Amino acid sequence: MQARFTASADFTIGVVDRRLFGSFVEHMGRCVYTGIYEPGHPEADEAGLRKDVLELTREMGVTLVRYPGGNFVSGYRWEDGVGPVEQRPSRLDLAWRSVESNAFGLHEFIGWARKAQVEPMMAVNLGTRGPQEAADLLEYANHPGGTRLSDLRRAHGSPDPFGIRLWCLGNEMDGPWQLGAKTADEYGRLANETAKVMRLVDPTVELVACGSSMRSMATFGSWEATVLDHCFEQVDLLSLHAYYEEHDQDLAGFLATALDMDAFIDEVVATVDHVAAKKRSPKRLRLSFDEWNVWFQRAFAGPEAQTWEDEPRLIEDTYDVAAAVVVGTYLMTLLRHADRVSVACQAQLANVIAPIRTEPGGPAWRQTIFHPFAHAARFARGDVLRLAVSSPTYAAEPYGDVPVLDTVATRDGETGEVTVFAVNRDLTEPLSLTGALHGLGRLDLVEHVTLAADGDARRVNTREQPDAVRPRRADGARVVDGVLHATLPPLSWNVLRLAPVRRGA
Ligand code: AHR
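Calculation notes
- Residues numbered from 1 in each chain as written.
- Predicted model: local features only at pLDDT ≥ 70, side-chain atom pairs only at ≥ 80, totals over all residues.
- Heavy atoms only, no water.
- Phe/Tyr/Trp six-rings, centres within 6.5 Å; stacked < 30°, edge-to-face > 60°.
- Helix = DSSP H or I, 4+ residues; strand = E, 2+ residues; numbered from the N terminus.
- Lys NZ or Arg CZ within 6 Å of the ring centre and 35° of its normal.
- Buried < 20%, exposed > 50% of the residue type's maximum accessible area, 1.4 Å probe, protein only.
- Contact = heavy atoms within 4.5 Å.
- Expected span 1.5 Å × (residues − 1).
- Pairing = 2+ DSSP bridges.
- Axes fitted to C-alpha atoms, helices over the stretch in contact; angles between N-to-C directions.
- Parallel < 35°, antiparallel > 145°, perpendicular 65-115°, else oblique.
- Nonpolar A, V, L, I, M, F, W, Y, C, P; charged D, E, K, R; others polar.

Participant: Before we go on, may I ask you to explain the packing of aromatic side chains in this structure?
Facilitator: Evaluated as defined, the whole model comprises 18 aromatic pairs. Relative to F300, the ring of W96 lies with its centre 6.3 Å away and its plane at 50°, an arrangement referred to as tilted. Within this pair, whereas W96 is found in the loop between β5 (91–93) and β6 (98–100), its partner F300 is found in the loop between β11 (286–294) and α9 (321–336), the two being separated by 204 residues in sequence. An aromatic cluster of three or more residues is present, and its members are Y33, Y37, Y67, F104, F109 and W112. One residue, K283, lies across the ring of F232, its end atom 5.3 Å from the ring centre. Over the ring of F370 we find R366, and its NZ or CZ is 5.7 Å from the ring centre.

Participant: Would you mind going over helix α1 (residues 51–60) with me for this structure?
Facilitator: Looking only at α1, the buried set comprises D52, V53, L54, L56, T57 and M60. Looking at the buried side of α1, the elements it contacts are α2 (106–116), β12 (341–347), β13 (356–358), β14 (364–366) and α10 (370–379). G61 sits one or two positions beyond α1 and adopts a positive phi of about 85°.

Participant: Whenever I open this one, helix α3 (residues 131–142) confuses me. Can you help?
Facilitator: Working note: α-helix, 3.6 residues per turn, so residues spaced by three or four point in the same direction. Taking 1.5 Å of rise per residue, the 12 residues of α3 would be expected to cover 16 Å, and the 16 Å separating its terminal C-alpha atoms lies within 8% of that figure. Restricting attention to buried positions, one finds in α3 the residues A134, A135, D136, L137, L138, E139, Y140, A141 and N142.

Participant: Which parts of the structure should I look at to understand the sheet that holds strand β3 (residues 22–24)?
Facilitator: Within a beta sheet, neighbouring strands are joined by backbone hydrogen bonds and run either parallel or antiparallel to one another. Around the barrel, eight strands lie side by side as β3-β4-β7-β8-β9-β10-β11-β12; this closed barrel has parallel pairing. Taking each pair of neighbouring strands and ignoring which way they run, the sheet shows an average axis angle of 30°. Of the strand pairs in this sheet, β3 and β12 are connected by three bridges, and their pairing is parallel. Bridge assignment links F24 to a residue of β12, and that residue is A347.

Participant: Just checking my understanding: could you explain the packing of α1 against α2 for this structure?
Facilitator: How two helices pack is summed up by the angle between their axes together with the distance between the axes. The contact between α1 and α2 brings their axes to 9 Å, and the two run at 55°. In this view, α1 runs oblique relative to α2, as classed from their interaxial angle. Contacts between α1 and α2 involve L54, T57 and R58 from the first element and W112, K115 and A116 from the second. Taken together, the residues of the contact of α1 with α2 break down into three nonpolar, one polar and two charged.

Participant: Got a minute to help me understand unusual backbone geometry in this structure?
Facilitator: Here Y67 and P68 are connected by a cis peptide whose omega angle stands at 0°. One can find P68 in the loop between β4 (64–67) and β5. In this structure, Q348 follows A347 across a cis peptide bond, with omega equal to -5°. Positionally, Q348 belongs in the loop between β12 and β13. Look at Q249: it is not a glycine, yet its phi comes out positive at around 50°. Looking at the secondary structure, you find Q249 in the loop between β10 (237–244) and α7 (251–254). Phi at R280 takes a positive value of approximately 55°, unusual for a residue other than glycine. By secondary structure assignment, the location of R280 is in the loop between α8 (258–278) and β11.

See the structure below:
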């Protein structure tokens, strides 16, 4: 099988926003407790933060982390998580039917984010609370001092403001499962008023309004349009969330799910631009895809099945090679929308549908899906090139003809390096790829790295075998007369790194 693409320096989609490589830490299951934070663990630092998880987070290249939820935030009182730990109350977490000790809160998160070298992205509770509590949290976090709340932060050991720029106005407010769910009109007005008040506290904030919880919501489309009718001028971004899984052992269909993500983004862009047109506004709202991942949701009994534990093992999905390849297609889909998607967060970071797994008192390890994320975060830099792609297809319901090749390329303007990311969706056949590279200078192959099924798409990493699945170097790729030639193994994620030929070489 053969596929080809043509790239030209003259045809670009947009610049890769570094905030596309975000993740998500929610007070849910073992993401925080025994995930990123475990006082007493042999790897814990003086603040109780797991150094092994911090190290993996940095290695993964995560640039931004959304916190503290998720559904959790819609019942959260941020004040519970600040001040002396021994005075913090334990509370019922109604979203996940767990007990929240509040041992980890805002200061601990900011301390963790600094060590992880990530930008914090905070969500405010617009479920059970409103503009006042959101403004209070922002004043506590970002105001330099001289007021009751900013001085309280100082008294709690943080003299300098946290300077948190990016804020989510609630979470999934259209979902009937959400604490304090709203109609589109109710939420649109609330988002507008909350944004107005928050901007008065700190005019430098960037605000994200909630889009639909998923593309399959009955109100998808009209929710976005109505919400933005109310708050279009006050917000900077609109959120999208999507989780996918394999249905009825239809691996070919699962491998095509990025086509749904692609259509979802296009539809949201069309909807937000429709609102702009109605308002005669030149503003082009950006998108925040702040929850995305593979989640084997049908295996989850839901919060109803929980019994008020402290750190229950919630949705600790184990990912195989196929899931890693699929995650690679989501990353490429986000990159292909670099003109409108500025922020994205894989959900979540540790244990809960996560690339990093830990055991309490035990090791931390990389799941298969860690690897495509780490590759994209490290090598997708500069401009996303608009490729013309020609690929064989296969049929998969409900997508129709699915290209066997999924690919995207970026070019770093500073170094001249070009990285081609490519997935071969075929389960049994290698794919021969040629890529014509126009106007990109003389390039040579640096390396071809692949994460491939190698005959078994179901291989996973475990505590006992943490590196059973890992990327390997592939042979044979080369650039000849400005054309890249490579062979992509069956069911594989690939990174082809090209660099300018050095003078004299
Ligand atoms: O990431 C798990 C949950 O999925 C989040 O709490 C919620 O926002 C989404 O429905």
